[in-house]
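# Observations on chain architecture
For reference, the chains in residue letters:
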Amino acid sequence: LPDCEEPVITHRIWTQPPQIEERLAEVNEHIEKVIQMYLRNEYANIAEYNEQAGVIAEKSHFIVIAGFPSGFSETAAKRLLSIAASGARCGVHLLIQRDLRQPPVDRSLEEELRRSCLHIKLEKGVFRLGDDKVIFDPAPSDEDPNTLIHRIGQAGVDSNRVEVPFSQIA
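Summary of the structure given here. (Residues numbered from 1 in each chain as written. Predicted model: local features only at pLDDT ≥ 70, side-chain atom pairs only at ≥ 80, totals over all residues. Heavy atoms only, no water.)

### So, the overall build of the chain
On a plain count of helices and strands, the chain comes out with 6 helices and 5 strands. Looking at the chain as a whole, 25% of its 170 residues are labelled buried. Contacts spanning at least 24 positions in sequence make up 69% of the contacts within the chain whose residues lie at least 6 apart. (Helix = DSSP H or I, 4+ residues; strand = E, 2+ residues; numbered from the N terminus. Buried < 20%, exposed > 50% of the residue type's maximum accessible area, 1.4 Å probe, protein only. Contact = heavy atoms within 4.5 Å.)

### Regarding a nonpolar patch on the surface
Taken together, the side chains of Leu 118, Ile 120, Leu 122, Phe 127, Leu 129 and Phe 136 present a nonpolar region at the surface, about 600 Å² in accessible area. Elements that contribute at least two residues to the nonpolar patch include exactly β3 (120-123) and β4 (126-129). Within the secondary structure, Phe 127 is located in strand β4. (Patch = residues over 30% accessible without salt bridge, like charges linked within 9 Å, V, L, I, M, F, W, Y side chains within 5 Å. Areas by Shrake-Rupley, 256 points an atom, 1.4 Å probe, with all protein chains shown as cover. Salt bridge = Lys/Arg side-chain N within 4 Å of Asp/Glu carboxyl O.)

### Considerations on the packing of aromatic side chains
Applying the stated criterion to the full structure yields 4 aromatic pairs. A ring pair is formed by Phe 127 and Phe 136, whose centres lie 5.2 Å apart and whose planes are at 85°; its orientation type is edge-to-face. Accessibility expressed as a relative area gives 34% for Phe 127, which makes it partly exposed. Phe 136 gets classed as partly exposed once you look at its relative accessible area, which sits at 48%. Ring-pair connections join several aromatic residues into one group, and the members of that group are Tyr 38, Tyr 43 and Tyr 49. (Phe/Tyr/Trp six-rings, centres within 6.5 Å; stacked < 30°, edge-to-face > 60°.)

### Describing the packing of helix α1 (residues 17-39) against helix α3 (residues 74-86)
Interaxial distance between α1 and α3 falls to 9 Å at its minimum, and their mutual angle equals 25°. One way to sum up the angle between α1 and α3 is to call them roughly parallel. The two elements α1 and α3 meet at a crossing, and its hand is left-handed. Here Ile 20, Glu 21, Glu 22, Leu 24, Ala 25, Val 27, Asn 28 and Ile 31 of α1 lie close against α3, whose contacting residues are Thr 75, Ala 76, Arg 79, Leu 80, Ser 82, Ile 83 and Ser 86. Partitioned by chemical class, the residues of the contact of α1 with α3 number 8 nonpolar, 4 polar and 3 charged. (Axes fitted to C-alpha atoms, helices over the stretch in contact; angles between N-to-C directions. Parallel < 35°, antiparallel > 145°, perpendicular 65-115°, else oblique. Left-handed = near helix turned anticlockwise from the far one by under 90°. Nonpolar A, V, L, I, M, F, W, Y, C, P; charged D, E, K, R; others polar.)

### So, the pattern of salt bridges
Taken as a whole, this structure holds 7 salt bridges when the rule is applied. The closest approach of N and O atoms between Lys 78 and Glu 74, which form a salt bridge, is 3.4 Å. Of this pair, Lys 78 and Glu 74 both sit in helix α3, separated by 4 residues, roughly a single helical turn. Under the relative-accessibility criterion, Lys 78 is labelled partly exposed at 46%.

### As for the pairing of β4
Note: β3 against β4, 4 bridges, orientation antiparallel. Considered in β4, the bridge of Leu 122 is made with Phe 127. Here β3 hands over to β4 after 2 residues, with Lys 124 in that stretch at a positive phi of 50°. In the sheet, β4 pairs with strand β5 (residues 132-134) via 3 bridges, with the strands oriented antiparallel. Its bridge partner lying in β5, Phe 127 is registered against Val 134. Connecting the antiparallel pair β4 and β5 is a turn made up of 2 residues, with Gly 130 showing a positive phi of about 65°. (Pairing = 2+ DSSP bridges.)

Next up, the structure:
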């Protein structure tokens, strides 16, 4: 994806504990900015703000974590918990794949994180959300992964560009 639009993955994939801590701190700062500058006491969430914002709407962000908690310090886990608690309201969403072979960073933090997120679990070959069965759409079969990623990347080109009509500024 960075071949098409570099900011899509914020320049790189983070794997080292200090890098993860720093990036999660930046995401928490973004959430604070959204609350202070856009939501204030006027909007319940970023979707409400974006309805009236029009062309200057705030984009959504997705934090994708594979192999959690590998590479996560206690500080990073606390920052992640903060994002889980207030991120969705601000357009910041988490997709976390938990590696059950890894010991938890802190059991109480992990339980709190579990309470803050939807939890899809694979049981006997069936994905479940609570007691409900989850059925995912099948993966596209007529395209190889590189072609699909290229199409997604091309669709995101210039996604950060905002054009505001002069009449709106005036």
